Amino acid sequence: MRVLRYRGHRVETQNYIDNTGVQVADVVVGFVHLEKKSLHDVESLLAAGAVRFDYYCWDLYARIFQYYEDNPEALGWRTEALKAIEDNHGEIAKIAELVSTAIVRAHLATMLRVNIRYDLLAQESEILRLDFWAHAFDIMKHLGAIRYADSGKNAGCWVMSFAEKNGEAVRAEPADEDVKIIVRSNGTVTYVGKDIAYHLWKFGLLGKDFGYKPFHRYADGQTVWSTAVTGEAGAPPFGAAAVAYAVIDTRQSYLQNVVAAAFRALGYGKQAENLHHFAYEVVGLTERCAKELGVAVSAEDKGFVEVSGRKGLGIKADDLIDRLIEKALVEVRTREMTTDADEQATYARMIAVAALRYFLLKFSRRVIIVFDFKDALAFEGETGPYLQYTVVRGRNILRRYAEAHPEFRSESLQQNVSREKLQGFLEGRDGGDFWELTLLAAQLESVAEQAIATEEPAAIAKYAFRLAQAFNNFYHVHHILNEPDAARQQCLLFLVRLVGGTLTRTLDLLGIEVPERM
RNA sequence: GCGCCUGUAGCUCAGCUGGAUAGAGCAACAGCCUUCGAAGCUGAAGGUCGGGGGUUCGAAUCCCUCCAGGCGCGCCA
């Protein structure tokens, strides 16, 4: 998102809220049947704030799942809850709404800690209640992208042929296995159906829009909007995109292909091409890490342990962030760069976030990240703090120089360094090193373009690291403040400013802020 | 069975629109703080790029094949 924006694209970030799905239903079932709680009880629990509601639901979700395992007949509760939620009927629907909203709020807060924001929360409830599917269904029937199966194993269902040859959808009469059911024989729509409708809307092809209402306002005034059945005035236009990235893990590839196939069957070939499945691999845990969490590791050993909400096996983002901040704070204090507690806290937060974000971004999206506290908590080597430290070192040089030369303005270095001087500098002693560093710093834009073309944010992360390494090397070899030749010194300072500026911008693309000192 | 992905140093990974002696980080070893803050830097060590064929002047990179592993292929989402 940041990289696209940097390259001049208008981008909006949506988060699909599956507020009518089984996960919400299961948590509601947990409240109602396991805990015998009423709507009022859940409201009180939430209002009291004695427990973290999101953590509470996480545990409850694992508990109800365990209960289903032991009592399969209890699955009827889920079906009941799902229906009530879909029909928006009764106390169960109200609890579901309460739970979903509270969880989304908690999610927004957690994501904000690591510099992630949203523009729009697209809720499944509105896709249902505003008849997005019915609309999409009409279009699909009208254009013959979908057909009714009146015999065979899918009798009574509306299905879409999914066989493809050379990327073209084949409409030939159908072997059953190349068919995806879109509408069940009981008349209800499957998940893919809803997803097709949502994606048609994303591209402005549905001929229908959501209502919108403000959901949350960030401290700087930016509003997060949510879809709504009856909207309020003042919402910016959403959707109608030229290009869409569906950021979902790689296991959903099949379904994303179904959506793209539906687009092609509808004659929207161009949009199908611009519908990118930004598939990333999942995160697993090392065996040691799972043990640390007190979970018995199953024998099937594939080198990592799968994260599973159902089993309650995972690491809560806030816990990890807390641990990172705690560790960063110790480092900040040891280094005694400031005694101001607020300042210390600010730096610790920035460093912690940098460590986490870089850790997640340095891997290409195709490899499974096997999580381990040892690696994720590292602040040395190829890490976020290393990059921040590099920028701070550069700034310190400029700051120290400015202290000794009160008239110095780093912004005017550009003018101080004439073309002739710079040329002499680059051709002179160690000119090759300087030239290499300059060249590397000039590559940000092309690296960004490449990251977009290959859909690989890790390319930015790797570039930041290479640039930081080159700068640290330069920093070590050339002593700038003791440089006797004034003209040369200006050139060196110019280089420091150039690289520091580029690295700062690169880190910004990674969502990493740089502390004043570290 | 079919489809997608992965296999590179002890470990974790870059490099894959072909180009010179294959690169980092971690770990381990040897050094560098009276000098812009050592969250740093330097050195040495570590590799049949899963195996085999092919294309090419040239292959980790492209093609074929085999092996190993992961993930998908639901009237779940």
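Residues numbered from 1 in each chain as written. Chains lettered and ligands numbered in written order. Predicted model: local features only at pLDDT ≥ 70, side-chain atom pairs only at ≥ 80, totals over all residues.

1. Some remarks on the overall build of chain A
For chain A, the helix and strand inventory stands at 22 helices and 14 strands. Based on the C-alpha atoms only, the size of chain A along its principal axes is roughly 90 × 55 × 55 Å. (Helix = DSSP H or I, 4+ residues; strand = E, 2+ residues; numbered from the N terminus.)

2. With respect to the sheet that holds strand E12 (residues 283-285)
If you walk across this open sheet you meet the 3 strands as E13-E12-E14, and the pairing is mixed. A strand with exactly one partner marks an edge of an open sheet, and here the two such strands are strand E13 (305-306) and strand E14 (369-371). For E12 and E13, the ladder comprises 2 bridges, and the chain directions are antiparallel. Counterpart to Leu 285 in the pairing with E13 is Val 305. (Pairing = 2+ DSSP bridges.)

3. Section: the domain arrangement of chain A
Examined at the domain level, chain A breaks down into domain 1 (1-118), domain 2 (122-280) and domain 3 (384-509). Computed over C-alpha atoms, the centres of domain 2 and domain 3 are 47 Å apart. (Domains from an automatic or database assignment.)

4. Some words on the nonpolar core
Soluble, globular proteins show a tendency: their nonpolar side chains are buried together. Counting residues in each nonpolar core, the largest one holds 50 residues, and the members touching the most others are Leu 387, Ile 460 and Ala 464. Looking at which element gives the most residues to this core, the answer is helix H14 (residues 341-361), with 12 residues. Those residues in contact with Leu 387, other than ones at most four positions away along the chain, are Ala 354, Tyr 358, Ala 464, Phe 465, Ala 468, Leu 503, Leu 507 and Ile 512. Counting residues in hydrophobic clusters, the runner-up holds 42 residues, among them Tyr 198, Phe 263, Leu 266 and Ala 272. (Core = buried A, V, L, I, M, F, W, Y, C linked by C-beta atoms within 7 Å. Buried ≥ 20, exposed ≤ 12 C-beta atoms within 10 Å, placed from the backbone. Contact = placed C-beta atoms within 7 Å.)

5. Things to note about the packing of helix H2 (residues 22-34) against helix H4 (residues 53-70)
Close contact between H2 and H4 brings their axes to 9 Å; oriented N to C, the two are set at 80 degrees. The orientation of H2 with respect to H4, classified from their angle, is roughly perpendicular. Across the interface between the two elements, Gln 23, Asp 26, Val 27, Val 29, Gly 30, Phe 31 and Leu 34 from H2 touch Cys 57, Leu 60, Tyr 61, Arg 63, Ile 64, Phe 65 and Tyr 67 from H4. Grouping the constituent residues of the contact of H2 with H4 by class yields 10 nonpolar, 2 polar and 2 charged. (Axes fitted to C-alpha atoms, helices over the stretch in contact; angles between N-to-C directions. Parallel < 35°, antiparallel > 145°, perpendicular 65-115°, else oblique. Nonpolar A, V, L, I, M, F, W, Y, C, P; charged D, E, K, R; others polar.)

6. What to know about the protein's contact with RNA strand B
Surveying the vicinity of RNA strand B reveals 55 residues, the closest of which are Tyr 191, Tyr 254, Ser 364, Gly 381 and Tyr 389. Only helix H10 (253-265), helix H13 (317-335), helix H16 (384-404) and helix H21 (458-477) provide two or more residues apiece to the surface near RNA strand B. Counted by class, the surface near RNA strand B contains 24 nonpolar, 19 polar and 12 charged residues. (Near = placed C-beta within 6 Å.)

7. Considerations on the pairing of strand E8 (residues 211-217)
Side-chain direction in a regular strand flips from residue to residue, so the side chains alternate between the two faces of the sheet. Relative to strand E9 (residues 223-228), E8 runs antiparallel, the two being bridged by 6 bridges. Residue pairing for E9: Arg 217 is matched across the bridge by Thr 223. What sits between E8 and E9 in their antiparallel hairpin is a turn of 5 residues, with Gly 221 showing a positive phi close to 100 degrees.

8. Re the packing of helix H20 (residues 444-453) against H21
Running from N to C, H20 and H21 cross one another at 155 degrees; their axes reach a closest spacing of 8 Å. In terms of orientation, H20 and H21 fall into the roughly antiparallel class. Contacts from Val 447, Ala 448, Gln 450 and Ala 451 of H20 reach H21 at Ala 459, Ile 460 and Tyr 463. When the residues that make up the contact of H20 with H21 are grouped by side-chain class, the tally is 6 nonpolar, 1 polar and no charged.

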